[in-house]
Structure formats: C-alpha cells, structure tokens
Amino acid sequence: MESLERPTPLNEAWADLVATARRTVADGLVVGTSGNVSVRVGDIVLVTPTGVPYERLAAHDAVAVDLSGHQILGELKPTSELPMHLAVYRTTAAEAVVHTHAVHATAVSTLVPELPPIHYLTATLGGAVRVAPYALYGSEELAENMLHALRDRSACLLQNHGTVAYGASLDEAYDRTAHLEWMCRVWLAANGVPGREPSLLSPERLAEAGEKLRGYGQPCGGG
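In this text the structure is predicted, and so the values were computed from the model without any measurement.

Rules used throughout
Residues numbered from 1 in each chain as written. Predicted model: local features only at pLDDT ≥ 70, side-chain atom pairs only at ≥ 80, totals over all residues. Heavy atoms only, no water. Buried < 20%, exposed > 50% of the residue type's maximum accessible area, 1.4 Å probe, protein only. Helix = DSSP H or I, 4+ residues; strand = E, 2+ residues; numbered from the N terminus. Pairing = 2+ DSSP bridges. Contact = heavy atoms within 4.5 Å. Axes fitted to C-alpha atoms, helices over the stretch in contact; angles between N-to-C directions. Core = buried A, V, L, I, M, F, W, Y, C linked by side-chain atoms within 4.5 Å. Salt bridge = Lys/Arg side-chain N within 4 Å of Asp/Glu carboxyl O. Patch = residues over 30% accessible without salt bridge, like charges linked within 9 Å, V, L, I, M, F, W, Y side chains within 5 Å. Areas by Shrake-Rupley, 256 points an atom, 1.4 Å probe, with all protein chains shown as cover. Lys, Arg positive; Asp, Glu negative; His and termini not counted. Charge placed at Lys NZ, Arg CZ, Asp CG, Glu CD. Parallel < 35°, antiparallel > 145°, perpendicular 65-115°, else oblique. Left-handed = near helix turned anticlockwise from the far one by under 90°. Nonpolar A, V, L, I, M, F, W, Y, C, P; charged D, E, K, R; others polar.

**Observations regarding the pairing of strand 1 (residues 36–41)**
And step 1. The buried fraction of strand 1 amounts to five of the six residues, a majority that puts the element mostly inside the structure.
And step 2. Pairing of strand 1 with strand 5 (residues 96–100) involves four bridges; the strand directions are antiparallel. Note on strand 5: the bridge partner recorded for V37 is V98.
And step 3. In terms of strand pairing, strand 1 meets strand 2 (residues 44–47) through four bridges, oriented antiparallel. Considered in strand 2, the bridge of S38 is made with V47.
And step 4. Hairpin connection of strand 1 to strand 2: two residues between the antiparallel strands, including G42 at a positive phi of 65°.

**Considering the sheet that holds strand 8 (residues 155–158)**
And step 1. A sheet is described by the order of its strands in space; here nine strands give the open sequence 4-3-2-1-5-9-8-7-6, paired in mixed fashion. Because the sheet does not close on itself, it has two edges, and the strands there are strand 4 (71–73) and strand 6 (114–115).
And step 2. With two bridges connecting them, strand 7 (residues 129–132) and strand 8 associate as parallel partners. If you follow V131 over to strand 8, its bridge partner there is L157.
And step 3. Lying over the sheet, helix 4 (residues 140–149) contacts strand 7, strand 8 and strand 9 (162–167), oriented at roughly 160° with respect to strand 7.
And step 4. Contacts from helix 5 (residues 170–191) reach strand 1, strand 5, strand 6, strand 7, strand 8 and strand 9 within the one sheet, and its direction differs from that of strand 9 by about 140°.

**A word on the nonpolar core**
Nonpolar side chains in soluble globular proteins tend to be buried together.
And step 1. Within the largest apolar cluster, 23 residues are counted, with the highest numbers of intra-cluster contacts made by M84, V88, M146, C156, L158 and V164.
And step 2. Within the residue set of this core, elements represented by two or more residues are strand 2, helix 2 (82–91), helix 4, strand 8 and strand 9.
And step 3. Per-element tally for this core: the top contributor is helix 2, with six residues.
And step 4. Ranked by size, the runner-up nonpolar core spans 20 residues in total, among them V18, V30, Y54 and L73.

**Considerations on the pattern of salt bridges**
And step 1. For the coordinates displayed, the defined rule picks out five salt bridges.
And step 2. The salt bridge involving R23 is made with D27; its shortest N-O contact spans 3.7 Å.
And step 3. For D27, a relative accessible area of 45% translates into the label partly exposed.

**Regarding a negative patch on the surface**
And step 1. Together, E12, D16, D171 and D175 make up a region of like negative charge exposed at the surface.
And step 2. For the negative patch, the elements supplying multiple residues, two or more each, are helix 1 (11–26) and helix 5.

**Some words on the packing of helix 1 against helix 5**
And step 1. Where helix 1 contacts helix 5, the two axes come as close as 10 Å, and the packing angle between them is 15°. Judged by the inter-axis angle, helix 1 sits roughly parallel to helix 5. In this structure, helix 1 meets helix 5 at a crossing whose hand is right-handed. Residue-level inspection shows A13, D16, L17, T20, R23 and T24 of helix 1 in contact with helix 5, the latter providing L170, D171, Y174 and D175.
And step 2. Class assignment for the residues of the contact of helix 1 with helix 5 results in four nonpolar, two polar and four charged.

Set out below in structure tokens:
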C-alpha cells in the first residue's frame, strides 16, 4: 500500500492529526494509546493506527480508509474505534473527530444520563451533553448509541468509556473535547459539595450564550 513518505496532498493533514493525537496525551485526556483521532480529506479519512504510541508515529505510519472503511493507505491496522469515526462522517458535516478516555468525563458518564448545563460553554456543544449507553468498544452498537447521543450535538459522553467530539477542523474537535472535560470536572467538583446543589443554566440562558459565542473572537482578516 502507498505511504506518505514522499510528498502528497495528505502530508499536512497527517502531520496535523499526529500533533493533535500527541496533544491529547500531553494534556492528560488520553493514557497510552487509549484514544484515537481522525481527519477527513475529501472522501478519505486519515485515522490513528491501533496500539501504536503517538510519539512513535511518523509519515510512513499514515493510515487512511474510504468512507466504507476499506483501507487505502498504510500497512498498520486502523483504530479499533473506526466504526464510530465513520458513523460521524457519514451523518454529519464533520471534518475531524477526537475520541478520548478523559478522566472526569468518563467519571460523569457513570453517574448521569447527561452532563447538566453547568457552564455556558455547554452552548458550544449544542446543549446538555448526552451519555451514550454502554456497548463494547469498537462495535457497531457503540457507534449507533453514539449517533443517538450526538443528535443536534457536536460532542457526547460514552458510558463507562470516554468522549467523542467532532468539528470543522482538528483544532475545533480538540477544543470541544477539552471544554467537555473541563465542564465535567467543574460539575463533579460542585456536585460533590455536601448539602449543596449546583446552579444550572436554563435553556434560555444557554441560547443567549450560544448567540453571543457565535460572534466570539477576531473577525477573519481583522487587523
């Protein structure tokens, strides 16, 4: 099979994918090879290979599949969670997907059916983040459960497992993952105070925040 040892249009996408995967480890969202990352380039999906530490990944380790899951690039096996990644690409406008086993998010996934709206960043994910019922990792059942939890959302929790988030870029998918883990940490801290109940945001407050967040940051091309 072809590899990316020589320059190709996929080189930059693979380099960005590897950098994002390494960032999940550096930021404590993944331990070892427990998470996975993918990015879509046209009808090709680049994915992290299964069981390979991210610091060891190089250009010749690139793995890619088509949208049916047929491997078209690389010799290493793709991530075992490929069904989840492909399900997202087939049903949304996602350009990148990040899956982690983040500690606080995984803890929340064992406690509640959805992460309560503890912070206005909930609006960036489409609303209260649902928990997909448990299913064996790498299974079509898990992918199906995930899709139900992602309805009108850009991230979800996987019960007793971790997180999935997608976006229009690797940076956006990663940021949503990091925000989700942070909100889970906040909720666990607030909910753990004896005799107190955390205040939560109403749908109206979330809608108000979501509208304001759409204009957040610098305008494109701004000086």
